[in-house]
Amino acid sequence: MNIRKTLVSICAVFALSVFLTGCIAVPYPGDLGNNRPDFGNTGKAPVTELPKVEYSEFCYIRNNGMMNAPQKIVYDLVYTAAMEYKTEVDITAAHLANYSDVDELKTDLSDVIHAVFSDHPEIFWYQNGFTYTYDVKTLEPSLIKMKLNCEESEISGMQEKIDAAADPLLQEAEGLGEYEKSEFFYKEIIEKVEYVDGDNAHNIYGALVDGKAVCEGYAKAYQYLMTKSGVMTLYVHGNATSDPKEPLEAHGWNLVKINGNWYQTDCTWGDPLQKEGSENMRTVNYSYLNVTVGDLMGTHVMDKQLFDVPVCNSTEDNFYVKNGLYFEEFDSKLVSSEIKSRLEKMNAGKETELHIKFKKDSDAERAHAYLTEAFDGNPYFFRDEAYFD
């Protein structure tokens, strides 16, 4: 008789499941905050015609960010050039001026370019980083240069492959609610993408077509799919570590607005790294789907963004809360009842995994001991993986 193996995982609020190494976000400096210089208008006539772009509501940083008028002009110029695959952008029309030093200039241009590519994950054909030219006397920038990561002639074909990968998922998500979409795309990305650095690992092509990406690729693929399905999703950058004793490393993840509330989501950390000698059990850790800022406190440190970061303190659409799998305390009867109900669904082939979460580490430990004993000799496969700490 074939016995189907089923995974049951337990985690506590501060349980960690992923150990990241070398996860790289876009290497742009942070925002200047209140020390940002007043660029003003030099009164010069525009050298280039200003683009007229209609941005959708999902261009969150452009629509709701802290950029002043000259910065928005640079944003528009860079975006328009990017959509035409240009590698040089004349920004003299923005008249960025009144910088005290080159570092302020570099930071300001970095912020704006980062805003463009954070708002537009669909732009996958550029390398990270840029160069620029400026007047050494006035420090007024005139030209931004960006490098394509492929031949221009290849872009349309690459887009067709992205569409071929994304369209079936978007069609399957049609008719789902905002929460259901968030869970569906989270699971799909984690199951389809392997954490590997390399060509296109920082963009949606690497994640959706190659199935290989680092944190930026995971997060932008999630943003791309969620946005196209009509759910407001942002890309944010900062630093993270799964071990408080280890240094922070650059990292990227998402903010998502579901049913009126904002949450943080990290697909990369929801993807368990396979250990050597494992039984190739590739499962999904839902501890990083629709979580609060408190859930990530101590592991994720967000850089200052170009927008006011929405407060993420709701638990209404957290995976465990939404599915009745979050317990304030350990109660053997309650847990047993929930386990029994879920196992019946597993027997019916409706589910293959069971994840439960407790508020306190001590209760998670009690549940772990209880279920380990309860599952002794049972034809189900019980394994705590890295979810239990």
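Residues numbered from 1 in each chain as written. Predicted model: local features only at pLDDT ≥ 70, side-chain atom pairs only at ≥ 80, totals over all residues. Heavy atoms only, no water.

Colleague: An account of the packing of aromatic side chains is needed here, citing residue identities and associated values.
Modeller: By the definition in use, this model includes 16 aromatic pairs. With a centroid separation of 6.3 Å and an interplanar angle of 25 degrees, the aromatic rings of F124 and Y205 are classed as stacked. Note that F124 is positioned in the loop between helix 3 (102-119) and strand 3 (131-134) and Y205 in helix 6 (residues 204-210), a separation of 81 residues in sequence. On the accessibility criterion, F124 (1% relative accessible area) is buried. Consider the rings of Y132 and Y134, whose centres lie 5.8 Å apart with planes at 35 degrees: the pair is tilted. (Phe/Tyr/Trp six-rings, centres within 6.5 Å; stacked < 30°, edge-to-face > 60°. Helix = DSSP H or I, 4+ residues; strand = E, 2+ residues; numbered from the N terminus. Buried < 20%, exposed > 50% of the residue type's maximum accessible area, 1.4 Å probe, protein only.)

Colleague: Quick one: what's the story with the pattern of salt bridges, residue by residue and with numbers?
Modeller: Counted under the stated rule, the structure contains seven salt bridges. In this structure, K86 engages E84 in a salt bridge whose closest nitrogen and oxygen atoms are separated by 3.1 Å. For the salt bridge of D317 with K322, the shortest nitrogen-to-oxygen distance reads 3.0 Å. By relative accessible area, D317 is classed as buried at 0%. (Salt bridge = Lys/Arg side-chain N within 4 Å of Asp/Glu carboxyl O.)

Colleague: Tell me about the sheet that holds strand 8 (residues 249-258), and name the residues and values.
Modeller: Spatial strand order, 9-8-7-10: four strands in an open sheet with antiparallel pairing. Where the open sheet ends on each side, the last strands, each with one partner, are strand 9 (261-265) and strand 10 (300-302). This sheet shows a mean twist of 40 degrees between the axes of neighbouring strands, independent of strand direction. Direction of pairing for strand 8 relative to strand 9: antiparallel, over a ladder of five bridges. Within the sheet, the bridge partner assigned to L255 lies in strand 9 and is Q264. (Pairing = 2+ DSSP bridges. Axes fitted to C-alpha atoms, helices over the stretch in contact; angles between N-to-C directions.)

By themselves, these observations are geometric and do not establish any function.
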